[in-house]
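Letter by letter, the chains look like this.
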Amino acid sequence: MSHFVFRIEGIDIEITNPDKLLWPEAGITKKEYINYLLLVAPYMLPYCRNRMLMIWRYPHGIRGERIEERSIHGTAPSWVPRVTYKDKERILLNNAATLIWVANKEALELHVPFDRYHRKEYPTELVFDLDPPNDRSFQLVLEAALKVKDVLDSLALYSIPKTSGATGLQIYVPIEPKYTFEETRVLNKFIADYIHQQMPDRITLDRVFERRGQKLYFDYLQLWRGRTMSAPYSVRARPLATVSVPVTWEEVMTGFSPTDFSVKNVPSRIEKVGDLFQRVSKEADRPNQNLDQILTFIRANK
């Protein structure tokens, strides 16, 4: 089959080369990828809505060239939501039709910023990114994540962990979107410095890859204007078609591998455990946590 027309939300989208093998090792075709996205769209889109999308396209599958796109290249249908930013048209991943449209363009990874376009400069979460030195060091990631949880608990801050879909783990802390990136950096650095002091032989804050050695990189700097993180439930361009999926703190304590979560089992996981990310992604469920007292304390004790 060379193409077919898919109708969603009253819009016809031509799907080209649906049998194209995008993840050869996992045996995932474009059609299977699109079917996956349709299943997870109700859980992915609430977080992505009104955030300027950045995609990694792989026109020849994950073994081929990667093309990063932050703005619309060429033309896009008039129904694709967009906003003009720095003289470029940026896609807003606000509906399932747009999700399927970018998937047909072989956008295999979906990344979004920490702020919404109409509230730029004000991130909606604190985010910590734990990046291990290699694929075999995930136990170190789990240990560091639990240290972070202890600190956040002591500050009475609710948090939810999410796998990167690659080798690491990210920790999200929903906050009132009234703090600038500079203000959130103050708290992020405070926590990162504390964790580094607790595990100096196993953790580094050095952003330069060549200087990290075998230490886990505790990335508190990624939370910044213009930078992005893999969207919840986004697939990654990894051999097993692994997914960036929220997990429970109980799972972090018990232990797991990032390869446990893929296109093939995440929809059934959601059916079983629900959308673990809804307290971050859905406005009605968000604990918009106030940081005023914590920031005052940190500044007073510098």
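Scroll up a little and you will see the structure.
Everything in this summary refers to the structure shown in the same document. Position numbers for residues count from 1 along each chain, tracking the sequence in the order it is written. Under the rules for a predicted model, residues below a pLDDT of 70 receive no local features and side-chain atom pairs below 80 are neither given nor counted, while totals for whole chains, interfaces and linings still include all residues. The side-chain values count all of the structure's non-hydrogen atoms but skip hydrogen atoms and water molecules.

### Section: helix α3 (residues 138-154)
What counts, and what does not: Each helix is a run of DSSP H or I of at least 4 residues and each strand a run of E of at least 2, with the numbering of both proceeding from the N terminus. What a helix should span is 1.5 Å times the count of its residues minus one. By the convention used here, residues are in contact when the closest approach between their heavy atoms is within 4.5 Å.
The first and last C-alpha atoms of α3 sit 25 Å apart over 17 residues, in line with the 24 Å expected at 1.5 Å per residue. For α3, the secondary structure elements touched by its buried residues are β10 (125-131), β12 (169-174), α4 (181-198), β13 (203-204), β14 (216-219) and α5 (249-254). Positioned one or two residues after α3, A156 has a phi angle of 60°, which is positive.

### Brief notes about unusual backbone geometry
Threshold: Burial classification: accessible surface area is computed with a 1.4 Å probe over protein chains only, and a residue below 20% of its type maximum counts as buried, one above 50% as exposed, and the rest as partly exposed.
Despite not being glycine, N17 shows a phi value in the positive range, around 45°. Along the chain, the position of N17 falls in the loop between β2 (11-16) and β3 (21-23). Of the residues examined, N17 reaches a relative accessible area of 36% and is grouped as partly exposed. Phi is positive for N50, which is not a glycine, with a value near 65°. Of note, N50 is situated in the loop between α1 (30-48) and β5 (54-57).

### Notes on the side chain of R90
Spelled out, the test is: Counting rule applied: Lys, Arg positive; Asp, Glu negative; His and chain ends not counted. The term salt bridge refers to a side-chain nitrogen of Lys or Arg lying within 4 Å of a carboxyl oxygen of Asp or Glu.
On the secondary structure map, R90 appears in strand β8 (residues 88-91). Buried R90, no salt bridge; nearest opposite-charge side chain is E68, N-O distance 8.2 Å.

### Examining the packing of α3 against α4
A pair of packed helices is captured by two measures, namely the crossing angle of their axes and the spacing between those axes. Note the threshold: Here the axes come from fitting lines to C-alpha atoms, over the contacting stretch only for helices, and the angles between their N-to-C directions go from 0 to 180 degrees. Roughly parallel means an angle under 35 degrees; roughly antiparallel means over 145; roughly perpendicular covers 65 to 115; every other angle is labelled oblique. By convention the crossing between two helices is left-handed if the near helix lies anticlockwise of the far one by an angle smaller than a right angle, and right-handed if it lies clockwise. Polar here means any residue outside two lists: the nonpolar Ala, Val, Leu, Ile, Met, Phe, Trp, Tyr, Cys and Pro, and the charged Asp, Glu, Lys and Arg; Gly therefore counts as polar.
Packing of α3 against α4 leaves a shortest axis separation of 10 Å and a crossing angle of 130°. Considered as vectors, α3 and α4 are oriented oblique to each other. As for the relative orientation of α3 and α4, their crossing is right-handed in sense. Packed against α3, whose contacting residues are K147, V148, V151 and L152, the element α4 presents I191, Y194 and I195 at the interface. Of the residues in the contact of α3 with α4, the class split is 6 nonpolar, no polar and 1 charged.

### Section: the pattern of salt bridges
Per the counting criterion, the structure on display carries 22 salt bridges. With a closest N to O distance of 2.6 Å, K149 and D153 form a salt bridge. Placement of the pair is K149 and D153 together in helix α3, with a separation of 4 residues, close to one helical turn. Exposure remark for K149: the relative accessible area of 19% places this residue in the buried category. Classification of D153 as partly exposed rests on a relative accessible area of 40%. Because the salt bridges share partners, they merge into one network encompassing K20, K30 and E106.

### A closer look at the nonpolar core
The cut-off we apply is this: The term nonpolar core refers to a set of buried residues drawn from Ala, Val, Leu, Ile, Met, Phe, Trp, Tyr and Cys, joined through side-chain atoms within 4.5 Å.
Core analysis: the biggest nonpolar cluster contains 98 residues, and W23, L110 and F218 have the highest contact counts within it. A per-element tally of this core places α1 first, with 10 residues. Once you skip the residues sitting within four places of it in the chain, F218 turns out to touch F128, D129, L130, V148, A192, I195, I203, T204 and L205.

### Observations concerning the packing of aromatic side chains
Convention followed: Working definition: a ring pair exists when centres of Phe, Tyr or Trp rings (six-membered ring for Trp) sit within 6.5 Å. Plane angles under 30 degrees give stacked, over 60 give edge-to-face, the rest tilted. A ring has a charge above it when a Lys NZ or an Arg CZ is no more than 6 Å from the ring centre and no more than 35 degrees off the ring normal.
All chains considered together, the criterion is met by 9 aromatic pairs. Judged by centre distance (5.6 Å) and plane angle (70°), the ring pair of Y47 and F277 falls under edge-to-face. Taken together, the residues Y47 in helix α1 and F277 in the loop between α6 (266-273) and α7 (278-281) connect sequence positions 230 residues apart. Judged by its relative accessible area of 3%, Y47 falls in the buried class. Taking 5.1 Å as the distance between ring centres and 80° as the angle between the ring planes, the aromatic pair formed by Y172 and F277 counts as edge-to-face. Of this pair, Y172 sits in strand β12 while F277 sits in the loop between α6 and α7; the two residues are 105 residues apart in sequence, bridging distant segments of the chain. By relative accessible area, which is 1% here, Y172 ends up buried. When its relative accessible area of 0% is taken as the criterion, F277 is described as buried. Feature note: the residues Y47, Y172 and F277 constitute an aromatic cluster, connected by ring pairs. Cation over ring: K120 sits above Y85, and NZ or CZ is 4.9 Å from the ring centre.

### Remarks on the environment of R185
How we decide: What qualifies as a polar contact is a pair of N or O atoms within 3.5 Å, subject to a donor-acceptor requirement within protein and to the restriction that residues adjacent in sequence count only when both atoms come from side chains.
Topologically, R185 is positioned in helix α4. Linking R185 and L221, residues 36 residues apart in sequence, is a C-alpha distance of 7.3 Å. Residues in contact with R185, not counting those within four places in the same chain, are Y220, L221, L223, W224 and R227. A polar side-chain atom of R185 sits 3.3 Å from the main-chain carbonyl oxygen of L221.

### A few points about the pairing of strand β7 (residues 82-85)
Convention followed: Following DSSP output, two strands are said to pair if at least two bridges run between them.
With 4 bridges joining them, β7 and β8 adopt antiparallel strand pairing. Note that in β8 the partner of R82 across the bridge is I91. From the end of β7 to the start of β8, which pair antiparallel, there are 2 residues, and K86 there has a positive phi angle of about 50°.

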